[in-house]
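# Topology and contacts: notes
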Amino acid sequence: DAKTTQPNSMESNEEEPVHLPCNHSTISGTDYIHWYRQLPSQGPEYVIHGLTSNVNNRMASLAIAEDRKSSTLILHRATLRDAAVYYCILNSGGYQKVTFGTGTKLQVIP
Amino acid sequence: NAGVTQTPKFQVLKTGQSMTLQCAQDMNHEYMSWYRQDPGMGLRLIHYSVGAGITDQGEVPNGYNVSRSTTEDFPLRLLSAAPSQTSVYFCASSYNVGGETQYFGPGTRLLVL
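Residues numbered from 1 in each chain as written. Chains lettered and ligands numbered in written order. Predicted model: local features only at pLDDT ≥ 70, side-chain atom pairs only at ≥ 80, totals over all residues. Heavy atoms only, no water.

### Points about the overall build of chain B
Summing up its helical and strand segments, chain B has 0 helices and 11 strands in all. Listing every helix and strand of chain B by position from the N terminus yields β-β-β-β-β-β-β-β-β-β-β. Against the globule reference of 13 Å for 113 residues, chain B gives a C-alpha radius of gyration of 13 Å, in line with a compact fold. Seen through its principal axes, chain B has C-alpha atoms that stretch 35 × 25 × 25 Å. Buried positions account for 48% of the 113 residues belonging to chain B. Relative to all contacts within chain B whose residues are 6 or more apart in sequence, the contacts with residues 24 or more apart total 54%. Accessible area for chain B stands at about 5200 Å²; split by element, carbon and sulfur atoms hold 50% of it. (Helix = DSSP H or I, 4+ residues; strand = E, 2+ residues; numbered from the N terminus. Rg over C-alpha atoms; globule rule 2.2 N^0.38 Å. Buried < 20%, exposed > 50% of the residue type's maximum accessible area, 1.4 Å probe, protein only. Contact = heavy atoms within 4.5 Å. Areas by Shrake-Rupley, 256 points an atom, 1.4 Å probe, with all protein chains shown as cover.)

### Here we look at the state of the cysteines
Residue and element names in this part refer to chain A. Under the definition given, this model contains 2 disulfides over all chains. The residue that forms a disulfide with Cys-22 is Cys-88, at a sulfur-sulfur distance of 2.1 Å. Here the S-S torsion is close to -80°, and the disulfide linking Cys-22 with Cys-88 is therefore left-handed. Placement of the pair is Cys-22 in strand S2 (residues 18-23) and Cys-88 in strand S8 (residues 84-91), with a sequence separation of 66 residues. (Disulfide = S-S within 2.5 Å.)

### With respect to the packing of aromatic side chains
All names here are of chain A. Within this structure, the stated rule accounts for 9 aromatic pairs over all chains. With centroids separated by 5.7 Å and ring planes inclined at 75°, the aromatic side chains of Tyr-87 and Phe-100 adopt a geometry described as edge-to-face. Of this pair, Tyr-87 sits in strand S8 while Phe-100 sits in the loop between S8 and strand S9 (104-109), and the two are 13 residues apart along the sequence. Overall, Tyr-87 belongs to the buried group, its relative accessible area being 2%. (Phe/Tyr/Trp six-rings, centres within 6.5 Å; stacked < 30°, edge-to-face > 60°.)

### What about the layout of surface pockets?
Using a probe with the size of a water molecule, rolled over the atoms, empty space left in the structure can be pinpointed. There is about 660 Å³ of room inside the largest pocket. If you trace the largest pocket, you find 32 residues lining it, with Gln-38, Pro-40 and Ser-41 of chain A together with Gln-37 and Gly-40 of chain B closest to the centre. Mapped by element, the contributors of at least two residues to the lining of the largest pocket are S8 and S9 of chain A together with strand S9 (87-94) and strand S11 (108-112) of chain B. Residue contributions to the lining of the largest pocket peak at 4 residues, all from S11 of chain B. (1 Å grid on protein atoms, 1.4 Å probe; cavity = no way out; pocket = protein on both sides within 12 Å on 5 of 7 lines; lining within 4 Å. Points joined across faces, edges and corners; volume = space filled by probe spheres on them.)

### What to know about the side chain of Gln-25 of chain B
Residue and element names in this part refer to chain B. Mapping Gln-25 onto the fold places it in strand S3 (residues 19-25). Among the polar contacts made by the side chain of Gln-25, one reaches the main-chain carbonyl oxygen of His-29 at a distance of 2.9 Å. Leave out the neighbours within four places in its chain, and Gln-25 touches Gly-3, Val-4, Met-32, Arg-68, Thr-71, Glu-72 and Ser-93. (Polar contact = N/O pair within 3.5 Å; in protein donor to acceptor, adjacent residues only side chain to side chain.)

### Re the pairing of S3 of chain B
Every regular strand shows the same layout, with side chains that alternate between the two sheet faces. All names here are of chain B. Taking every second residue as pointing to the same face, the buried face of S3 carries Met-19, Leu-21, Cys-23 and Gln-25, while none of Thr-20, Gln-22 and Ala-24 on the other face is buried. Alignment of strand S1 (residues 4-7) against S3, held across 4 bridges, turns out to be antiparallel. If you follow Val-4 over to S3, its bridge partner there is Gln-25. (Pairing = 2+ DSSP bridges.)

### Observations concerning the pattern of salt bridges
Once the charged atoms of two side chains with opposite charge are near each other, the side chains can pair. Enumeration according to the criterion identifies 5 salt bridges over all chains in this entry. When the shortest N-O distance is used, the salt bridge between Arg-37 of chain A and Asp-82 of chain A registers 2.8 Å. Here Arg-37 of chain A, found in strand S3 (residues 32-38), pairs with Asp-82 of chain A, found in the loop between strand S7 (70-75) and S8; they are 45 residues apart in sequence, far enough to count as distant. There is no split in this pair, since Arg-37 of chain A and Asp-82 of chain A are both buried. Of the charged contacts in the structure, one is a salt bridge between Asp-38 of chain B and Arg-36 of chain B, with a shortest N-O distance of 2.8 Å. Using a relative accessible area of 13% as the deciding quantity, one classes Asp-38 of chain B as buried. Linked by salt bridges that have partners in common, Arg-37, Glu-45 and Asp-82 of chain A make up one network. (Salt bridge = Lys/Arg side-chain N within 4 Å of Asp/Glu carboxyl O.)

Structure follows, in structure tokens:
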């Protein structure tokens with residue numbers, strides 16, 4: 001199964017943009033790139049997903065490299081509520097094949 | 001909609017005891033799953049179900065049983081609790097198995113002494 005690689009931790013100042021990278025060099029053509037985040041003491045929550053084109057929603061933007069071997073989750077203005085662990089996962093045929101790694105712990109500095 | 005609900009929120013067991021963690025969803029989702037999350041770790045899939053009456057094993061199924069008699073409910077049974085099963089357990093559901101957004105419950109924190 002295709003795996004993803006993310007930095008263990010990142011810091012950002014409040015109200016500044018945050019770019020969270022994810023490498024997935026063995027991605028297959030049918031893999032969707034999903035991002036979830038987990039706030040302290042809560043279950044993960046969906047953030048965004050995409051296949052080939054960049055995607056925007058009310059929470060974030062997802063930039064996907066042309067060769068799809070990497071992607072970046074963009075939070076346009078980090079708030080203290082965005083402090084969480086962010087998971088980048090690949091999903092092509094069901095969550096039984098999905099691996100949630102350790103993600104990136106984002107710290108937002110006031 | 002209540003989404004995905006889990007009970008209890010916290011449980012302490014003694015080694016060898018059995019218990020059932022409850023999970024329910026009111027979104028008419030076909031796919032449901034159970035994960036465990038150990039401190040500092042990502043989520044690992046225990047069991048999953050693609051519909052009522054259909055279940056299968058995930059990455060770490062040993063020591064756990066599941067059944068899916070209705071679309072709404074997906075209980076996880078610990079047959080004989082062990083300290084290694086101390087963890088936070090999350091239930092999740094999605095509309096289908098094909099990669100749609102997954103919705104997670106708030107978790108059950110289990111301590112086995």
